[in-house]
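Descriptive analysis of the structure
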There are 2 protein chains.
Amino acid sequence: MRNKDFGVRDGEVAIELPEQPDAGLYFIGRIRTPWKERKDCPKNGRESDAVCTVELDPRWRDGLKDVETCSHLVLFYWMDKAPRNLVRQVPGHYGAQRGTFALRSPARPNPIAMSVVRLLNLEGARLSVIGLDCLDGTPLIDIKPYFASTDSVPEAVVGWHKRKD
Amino acid sequence: MRNKDFGVRDGEVAIELPEQPDAGLYFIGRIRTPWKERKDCPKNGRESDAVCTVELDPRWRDGLKDVETCSHLVLFYWMDKAPRNLVRQVPGHYGAQRGTFALRSPARPNPIAMSVVRLLNLEGARLSVIGLDCLDGTPLIDIKPYFASTDSVPEAVVGWHKRKD
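This is a predicted model, so every value here is computed, not measured.

Scanning chain A for helices and strands turns up one helix and 10 strands. The C-alpha atoms of chain A give a radius of gyration of 17 Å, which matches the 15 Å a tight globule of 165 residues would have. Projecting the C-alpha coordinates of chain A onto the three principal axes gives extents of approximately 45 × 40 × 30 Å. Long-range pairs, those at least 24 residues apart, make up 76% of the contacts in chain A between residues at least 6 apart in sequence. Approximately 7,500 Å² of chain A is accessible, and the part contributed by carbon and sulfur atoms is 45%.

What follows is about the interface of chain B and chain A. Across the contact, 70 residues belong to chain B and 71 residues belong to chain A. In this assembly, chain B packs against chain A so that about 7,100 Å² is buried in total across both faces, 59% of it on carbon and sulfur atoms. Counting across the interface, chain B meets chain A through eight salt bridges. Secondary-structure elements contributing two or more residues to the side of chain B that touches chain A are β2 (23-25), β5 (72-78), β6 (86-89), β7 (98-99), β8 (112-123), β10 (138-145) and α1 (148-151) of chain B. The element best represented in the side of chain B that touches chain A is β10 of chain B, accounting for five residues.

As a further point, take the pairing of strand β9 (residues 126-130) of chain B. Residue and element names in this part refer to chain B. Direction of pairing for strand β4 (residues 51-56) relative to β9: antiparallel, over a ladder of five bridges. By the bridge assignment for β9, C52 is matched with V129. Pairing of β8 with β9, which is carried by five bridges, proceeds in the antiparallel orientation. Along β9, the bridge assignment pairs R118 with I130. Adjacent in sequence and paired antiparallel, β8 and β9 are bridged by two residues, among which G124 carries a positive phi angle near 60 degrees.

Attention now goes to the sheet that holds strand β1 (residues 13-14) of chain B. All names here are of chain B. The strand order across the open sheet built from three strands is β1-β6-β7, with neighbouring strands paired in antiparallel fashion. A strand with exactly one partner marks an edge of an open sheet, and here the two such strands are β1 and β7. Pairing of β6 with β7 involves two bridges; the strand directions are antiparallel. Of the residues in β7, the one forming a bridge with R88 is G99.

Two copies of one chain are present, and they are related through a rotation about an axis combined with an axial shift. Relative to chain A, chain B is turned by 180 degrees and slid 0.0 Å along the rotation axis, the superposed coordinates differing by an RMSD of 0.0 Å. Taken together, the rotation angle and the small translation identify this as a two-fold axis. Of all interface residues in chain B, 100% are interface residues in chain A too; the two copies therefore contact each other through one and the same surface.

Here we take up unusual backbone geometry. If a residue is not glycine, its phi is most likely negative; likewise, a peptide bond is most likely trans. Even without glycine at this site, D66 of chain A takes up a positive phi of about 75 degrees. Along the chain, D66 of chain A turns up in the loop between β4 (51-56) and β5 (72-78).

Remark on secondary structure: sheet strands pair via backbone hydrogen bonds, oriented parallel or antiparallel. Residue and element names in this part refer to chain A. Sheet architecture is open: three strands sit in the order β1-β6-β7, paired in antiparallel fashion. One side of each edge strand has no neighbouring strand; the edge strands of this open sheet are β1 (13-14) and β7 (98-99). Alignment of β1 against strand β6 (residues 86-89), held across two bridges, turns out to be antiparallel. Directly across from V13, in β6, lies its bridge partner R88.

Conventions we followed
Residues numbered from 1 in each chain as written. Chains lettered and ligands numbered in written order. Predicted model: local features only at pLDDT ≥ 70, side-chain atom pairs only at ≥ 80, totals over all residues. Heavy atoms only, no water. Helix = DSSP H or I, 4+ residues; strand = E, 2+ residues; numbered from the N terminus. Rg over C-alpha atoms; globule rule 2.2 N^0.38 Å. Contact = heavy atoms within 4.5 Å. Areas by Shrake-Rupley, 256 points an atom, 1.4 Å probe, with all protein chains shown as cover. Buried area = accessible area lost by both parts, 1.4 Å probe. Salt bridge = Lys/Arg side-chain N within 4 Å of Asp/Glu carboxyl O. Pairing = 2+ DSSP bridges. Least-squares fit on C-alpha atoms with pLDDT ≥ 70 in both.

Any functional reading would require information that these geometric values do not contain.
Structure representation (structure tokens):
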């Protein structure tokens, strides 16, 4: 699962993974983005205005009723190329060792990424959205409505993070 | 997997699940809350000020470095009692049929719940947080730092949702 793009760097710490998974996930669709290699992906979903397409498997299509009334959605997707055994990481763009749970790196025990996206259009089982950062073909795990009342915390702080802008 | 609390109601639509899961999840800890039955759980994480405890498995403990600098975290947890085959649901407190992906119901193809929580304390592999709504003993899936820059959208709207307060 490791390669040049997703390998262990100096200063990173890996642990032994459990022998068995505890639960199973279904891939419920695929995400189509303009990015074919990791180096092309934006650092996070707010860095790009690219319109991406979420193709839901037809099996789940009836679950989209009322989704068109949502201005924003939370998408979960599976970062299938990321190692799962890193507990300390040295992200290239920060250069310091951090704990995995203090990072949004795809490398984590369960490599589920989450992005808040703006919904532009819903047609059949296809959603057009803005706010993604993942590779083309990334497996979709979940679509949730974004509720500002529970999900929006404008004053939240990540203390270790020095803003560069 | 279905029982009185998590069964199919009139007007709900179930589909045939895929035969095989596509990926495996590790449970990385347990969440301790005051709620032993579903009827006791708050409707969402903002409805309660109860302090809950996240017990991370010691295997992953080194991943908590720098987490103490975060004011808020996103927790993912596994709603292991929820059915996975519902695409249309009639939530008891709303009374109308909605698509699963327009709801935050635990019943969904991949029953991963997400809550934004306020971090009160981190000691060893235990985190004290406010903002959870789940049953005591719920399996933990992930801990992420909450970045207001990408995760906070105060103006987001869920059109079908009529506020009652």
